[in-house]
Amino acid sequence: MTDSAPRPPLSVPTFEERCKLLEQTAWGREWARKNYEQGYQQGYQQGYQQGLEESRVIVMTTLLRRRYGDLSDLDRLALRLVRRDHHGNIKRIADGTTLAELRS
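About the thresholds
Residues numbered from 1 in each chain as written. Predicted model: local features only at pLDDT ≥ 70, side-chain atom pairs only at ≥ 80, totals over all residues. Heavy atoms only, no water. Helix = DSSP H or I, 4+ residues; strand = E, 2+ residues; numbered from the N terminus. Rg over C-alpha atoms; globule rule 2.2 N^0.38 Å. Buried < 20%, exposed > 50% of the residue type's maximum accessible area, 1.4 Å probe, protein only. Contact = heavy atoms within 4.5 Å. Areas by Shrake-Rupley, 256 points an atom, 1.4 Å probe, with all protein chains shown as cover. Lys, Arg positive; Asp, Glu negative; His and termini not counted. Charge placed at Lys NZ, Arg CZ, Asp CG, Glu CD. Core = buried A, V, L, I, M, F, W, Y, C linked by side-chain atoms within 4.5 Å. Salt bridge = Lys/Arg side-chain N within 4 Å of Asp/Glu carboxyl O.

**Overview of the overall build of the protein chain**
Of the regular secondary structure elements, the protein chain holds four helices and zero strands. Order of helices (α) and strands (β) in the protein chain, N terminus to C terminus: α-α-α-α. Against the 2.2 N^0.38 benchmark of 13 Å for 104 residues, the protein chain shows a C-alpha radius of gyration of 28 Å, more extended than a compact globule. Along the longest, intermediate and shortest principal axes, the C-alpha atoms of the protein chain span 95 × 30 × 20 Å. Taken across its 104 residues, the protein chain has 17% of its residues classed as buried. Intrachain contacts of the protein chain at a sequence separation of at least 6 include 51% that bridge at least 24 residues. Looking at the protein chain as shown, the accessible area adds up to about 8,700 Å², and 55% of this sits on carbon and sulfur atoms. Here the protein chain contributes 17 positively and 14 negatively charged side chains, and the mean placements of these two sets differ by 5 Å.

**Things to note about the nonpolar core**
In terms of nonpolar packing, the biggest core is built from twelve residues, these being Val57, Met60, Leu64, Leu71, Leu74, Leu77, Ala78, Leu81, Val82, Ile93, Leu99 and Leu102. Of all the secondary-structure elements, those providing two or more residues to this core are helix H2 (26-68), helix H3 (74-94) and helix H4 (99-103). At six residues, H3 tops the list of elements feeding residues into this core.

**Digging into the pattern of salt bridges**
Scanning the entire structure with this criterion turns up six salt bridges. Connected via shared salt-bridge partners are Glu30, Arg33 and Glu37.

**Remarks on the side chain of His86**
You can see His86 is positioned in helix H3. When its relative accessible area of 9% is taken as the criterion, His86 is described as buried. When neighbours within four sequence positions are excluded, His86 is seen to be in contact with Arg56, Met60 and Leu81.

Here it is as structure tokens:
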């Protein structure tokens, strides 16, 4: 026997409704906690790396300015040297490497 009454359309829960359903289960709360911790760690690591690079660029810029004076491409050169080999380039500058050699 078939039902002659029309069936109501299936409704798909919204993202917020799905989140509320997950919050009501232990598995959902555990999943949310793990994702939060993972996101926090990734954000912390990215922020740490960005801050470290910025600090190194400041040091390299200061060192280049003291050794070679004001340069038109000082910031770009400092960033490039930091990204290539920060410690090695500091040693090269301290050892008297020419500006042309640093730029090459």
